Amino acid sequence: MVSIIKKFDIPKEISIEIKDNFVIFSNIDTKVVIRIPKPFKADFSEDTALLLSCTTLKLGLKKRSIRQLSLMGGSLKAKIAQTISGISSGFSKELELVGVGYKAELLNPDKLVLKLGYSHNILLDIPEKLTVACPKDNILILKSYCKESLGSFVSLLKKSKTPDIYKNKGVLVKGEPLITKKFKKK
């Protein structure tokens, strides 16, 4: 039994190649490879559409296996949709370093130095998929075509100086709400 899971419309600037169990999305300057697990299959339905289907016989599978396949299909759909939107438009986050003397500077495109009030500076390696811009001392703009690598690097930066809920200091994502607590008054 073959069931069609999702049909993806592909923009003109993205080219797609299907080799064995891999789908290769490429643009002028980026190339992303997604592995398709065994029961799923990717095909071309038209010139501008990618078709994701699942080939299983539901008679021989248990309910648990069918549920796991549906979960795998959902995550695969999300991954393909994020890849298509990431290559076409990209993802970006803006971070703000709030605190007295908190600064960030780029040594080169691969190294980032953070001064966050510790006795030492924090030196971080920037992943290949990311581009970092530092327009001011306390503002970082991160851009990437891969949402996973962007999110993991943002969480690494936030862990380097966790936001203080009393003083509202630390590495903060712009636009993300932070609940502040009040001090006890005597």
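The structure presented is a predicted model; accordingly, all values stated were derived computationally and were not measured. (Residues numbered from 1 in each chain as written. Predicted model: local features only at pLDDT ≥ 70, side-chain atom pairs only at ≥ 80, totals over all residues. Heavy atoms only, no water.)

**With respect to helix α1 (residues 63-88)**
In this model α1 runs 38 Å from its N-terminal to its C-terminal C-alpha over 26 residues, within 8% of the 38 Å that 1.5 Å per residue would give. Of the positions making up α1, those classed as buried are Leu69, Gly73, Leu76, Ile80, Thr83, Ile84, Gly86 and Ile87. At the C-terminal side of α1, Gly90 shows a positive phi close to 90°. (Helix = DSSP H or I, 4+ residues; strand = E, 2+ residues; numbered from the N terminus. Expected span 1.5 Å × (residues − 1). Buried < 20%, exposed > 50% of the residue type's maximum accessible area, 1.4 Å probe, protein only.)

**Description of the pairing of strand β2 (residues 15-19)**
Here β2 runs beside strand β3 (residues 22-26); their pairing, made up of five bridges, is antiparallel. Along β3, the bridge assignment pairs Ile18 with Val23. Between the antiparallel neighbours β2 and β3 lie two residues, among them Asp20 with a positive phi of about 50°. (Pairing = 2+ DSSP bridges.)

**Observations regarding the packing of aromatic side chains**
This model, assessed by the stated rule, comprises zero aromatic pairs. The side chain of Lys161 reaches across the aromatic face of Tyr118, ending 4.7 Å from its centre. (Phe/Tyr/Trp six-rings, centres within 6.5 Å; stacked < 30°, edge-to-face > 60°. Lys NZ or Arg CZ within 6 Å of the ring centre and 35° of its normal.)

**A short note on the sheet that holds strand β4 (residues 31-35)**
Consider a sheet: its strands pair through backbone hydrogen bonds, and that pairing is either parallel or antiparallel. Within the open sheet, the three strands sit side by side as β2-β3-β4. Their pairing is antiparallel. A strand with exactly one partner marks an edge of an open sheet, and here the two such strands are β2 and β4. Neighbour-to-neighbour, the strand axes of this sheet turn through a mean angle of 20°, independent of strand direction. For β3 and β4, the ladder comprises five bridges, and the chain directions are antiparallel. (Axes fitted to C-alpha atoms, helices over the stretch in contact; angles between N-to-C directions.)

**Some details on the nonpolar core**
One finds Leu95, Leu114, Leu140, Leu142 and Leu157 to be the most contacted residues of the largest nonpolar core, which totals 21 residues. If you list the elements that add at least two residues to this core, you get β7 (91-98), β9 (111-115), β10 (122-125), β11 (130-136), β12 (139-144), α2 (147-160) and β13 (170-173). The dominant element in this core, judged by the number of residues it contributes, is α2, at four residues. Apart from residues lying up to four places away in sequence, Leu114 is in contact with Leu97, Lys103, Ala104, Asn121, Ile122, Leu124, Leu140, Leu157 and Ser160. If you look at the next biggest cluster of nonpolar residues, it comprises 19 residues, including Ile14, Ile36, Phe40 and Leu52. (Core = buried A, V, L, I, M, F, W, Y, C linked by side-chain atoms within 4.5 Å. Contact = heavy atoms within 4.5 Å.)

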